[in-house]
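So you can see what is in the structure, the chains are spelled out below.
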Amino acid sequence: MDITLSFSLSILVVLGFSLFSSLLLLRKRASFSPNTPPGSIGWPIVGESIEFGLSGPPKFIKKRMEKFSPDVFKTSLLGEKMAFFCGPKGNKFVFANENKVLASWWPKSATKVLLFTEVINEGQKVVAPLLANSVHDILKPEALKQYVPLMDSMARKHMETEWAPFKEVKVYPLSQKYTFALSCKLFMDEDDEDKVAKVLENFNTVTNGMISMPLDFPGTAYNRAVKGGKVLRDGLMKIISARRKELIEKKEIVRDDILSKMLLVTNEDGRLMSEKEISNNIIGLLVASYETSSVAITFVLKHLAENPHIYDQVREGNSKFTRKGK
């Protein structure tokens, strides 16, 4: 079972990483005009954030799809007016028009928590996890193949220490722990377990608080997220500065991670990315990889656990693949 699960973890993370450059929140480049989708923006400032939080995303979206449109509806969440694209037609429109009439975007409340806002290109009003097009090459499926052996070895170690000794485990938090540790290793070549665990604890505070009501005063989840975000950025800046110094002194890449490659990325004018831009990129990658991969792993394992016959077929297929590989 450990071989099958570690293999599944590696494949799922590859698929998750290949989708880094696509965010779920998208909006029109132009501001809202009278010709907007059907829907409601709720109360002033608050919008429909309270109902979104109380009912949860699935119920919130389903209710409005039934009431307004199965393809697209407007709303206001986290202090921002936005449109939700739903169903086959809505999804097709999004994927066919990204970076054309649609652009990747995060709410201001989220950027305040996570990013150095002063280096965001306000002219384009885009906050993407990658600010330089050339960085996309790092995350192409072909490039990700080289990371599969590392993913597999970390998955096996994770299974041996976090799963095998116990008769019962909670899959979701363990999958989060695995994907975050893997992200830290691939992005920054960081594998100190204690350090990663501390960063993960702070990261959870940040990600949970940044999607809460953006009320920045002591005691609120958002205020804790703002403070945690500063700690996260400060820690990343220390790592990035040290790595840039290492690169200058040795005049070559000595680590095979994404941070090392980002330090060499230039824009059309030949300018290197600043340390704050690199920090924004790394944080964008961490956010994009964290939930997507861990949720996918959790649902796949749930499906395998509830359908033993499917698990047996997966295991049989994985055994054949392993023997063929040998």
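In this text, all values refer to a predicted model and were calculated from it rather than measured experimentally.

Trainee: Where do I start with unusual backbone geometry in this structure?
Mentor: Glycine aside, negative phi is the norm for most residues, and most peptide bonds take the trans geometry. Here the phi dihedral of Asp189 falls at roughly 60°; this positive angle occurs in a residue that is not glycine. In this structure, Asp189 sits in the loop between helix 8 (171-188) and helix 9 (193-210). A relative accessible area of 23% places Asp189 in the partly exposed class.

Trainee: Would you mind showing me how to read the nonpolar core here?
Mentor: Ranked by internal contacts, the top residues of the largest apolar core, which has 49 residues, are Val113, Leu114, Phe180, Phe187, Ile278 and Ile282. Listing elements by their share of this core, those giving two or more residues are helix 5 (108-114), helix 7 (148-163), helix 8, helix 9, helix 10 (221-250), helix 11 (258-262) and helix 12 (275-306). Those residues in contact with Val113 that lie beyond four places of it in its chain are Val206, Met210, Tyr222, Ala225, Val226, Gly229 and Arg233. Membership of the second largest hydrophobic core comes to 8 residues, among which are Leu77, Met82, Phe84 and Cys86.

Trainee: How do you make sense of the pairing of strand 3 (residues 80-85) when you look at a structure like this?
Mentor: In summary, the side chains of a regular strand alternate between the two faces of the sheet. Sheet topology places strand 2 (residues 72-77) next to strand 3; 6 bridges connect them, and they run antiparallel. Across the sheet, Leu77 pairs through a bridge with Glu80, a residue of strand 3. The loop that links strand 2 with its antiparallel partner strand 3 comprises 2 residues; one of these, Leu78, has a positive phi angle of about 55°.

Trainee: Looking at this structure, I do not really get the pattern of salt bridges. What am I missing?
Mentor: Any two side chains of opposite charge can pair, given that their charged atoms come close. Overall, the coordinates contain 17 salt bridges when judged by the stated rule. Here Glu246 makes a salt bridge to Arg255, at a shortest N to O gap of 3.2 Å. Here Glu246 falls in the buried class, since its relative accessible area comes to 18%. Arg255 sits in the partly exposed class, given a relative accessible area of 27%. A cluster of three or more residues bridged by salt bridges with shared partners is formed by Lys185, Asp189, Asp191, Arg243, Glu246, Arg255 and Asp257.

Trainee: Help me out: how do you make sense of the confidence of the model for the protein in this one?
Mentor: Reading fine detail from the predicted coordinates is not recommended where pLDDT is low. Confidence along the protein averages 80 in pLDDT terms, with 80% of residues attaining 70 or more. Long-range and interchain partners of residues 7-32, a stretch whose pLDDT sits below 50, account for 81 contacts in this model, where long-range means more than four residues apart. Considering only residues more than four positions removed or in separate chains, one finds that residues 123-132, a stretch of pLDDT under 50, has 34 contacts.

Trainee: So what exactly am I meant to see when it comes to the environment of Val171 here?
Mentor: Within the secondary structure, Val171 is located in helix 8. C-alpha of Val171 to C-alpha of Thr298: the two residues are 127 residues apart in sequence and 6.0 Å apart in space.

Trainee: Would you mind going over helix 10 with me for this structure?
Mentor: Since one α-helical turn is 3.6 residues long, residues separated by three or four positions face the same way. For helix 10, built from 30 residues, the straight-helix expectation of 44 Å at 1.5 Å per residue is met to within 8% by its first-to-last C-alpha distance of 43 Å. Just downstream of helix 10, Lys251 is the residue with a positive phi angle, here 55°.

Trainee: Sorry if this is basic, but what is going on with the packing of helix 9 against helix 10 here?
Mentor: The relative placement of two packed helices comes down to the angle between their axes together with the axis-to-axis distance. Viewed as axis vectors pointing N to C, helix 9 and helix 10 meet at an angle of 135°, and their least axial separation amounts to 7 Å. Taken together, helix 9 and helix 10 sit at an angle that is classed as oblique. The element helix 9 and its partner helix 10 pack so that their crossing is left-handed. Facing helix 9, whose interface residues are Val199, Asn202, Phe203, Thr205, Val206, Gly209 and Met210, helix 10 presents Ala221, Tyr222, Arg224, Ala225, Gly228, Gly229, Val231 and Leu232. Looking at the contact of helix 9 with helix 10, its residues break down into 9 nonpolar, 5 polar and 1 charged.

Trainee: It is not clear to me how helix 8 should be interpreted in this structure. Could you clarify?
Mentor: The first and last C-alpha atoms of helix 8 sit 25 Å apart over 18 residues, in line with the 26 Å expected at 1.5 Å per residue. For helix 8, the tally of buried residues reaches 13 of 18 residues, placing the bulk of the element in the interior. One or two steps after helix 8, the chain reaches Asp189, where phi turns positive at roughly 60°.

Procedures and definitions
- Residues numbered from 1 in each chain as written.
- Predicted model: local features only at pLDDT ≥ 70, side-chain atom pairs only at ≥ 80, totals over all residues.
- Heavy atoms only, no water.
- Helix = DSSP H or I, 4+ residues; strand = E, 2+ residues; numbered from the N terminus.
- Buried < 20%, exposed > 50% of the residue type's maximum accessible area, 1.4 Å probe, protein only.
- Core = buried A, V, L, I, M, F, W, Y, C linked by side-chain atoms within 4.5 Å.
- Contact = heavy atoms within 4.5 Å.
- Pairing = 2+ DSSP bridges.
- Salt bridge = Lys/Arg side-chain N within 4 Å of Asp/Glu carboxyl O.
- pLDDT = per-residue confidence, 0-100.
- Expected span 1.5 Å × (residues − 1).
- Axes fitted to C-alpha atoms, helices over the stretch in contact; angles between N-to-C directions.
- Parallel < 35°, antiparallel > 145°, perpendicular 65-115°, else oblique.
- Left-handed = near helix turned anticlockwise from the far one by under 90°.
- Nonpolar A, V, L, I, M, F, W, Y, C, P; charged D, E, K, R; others polar.

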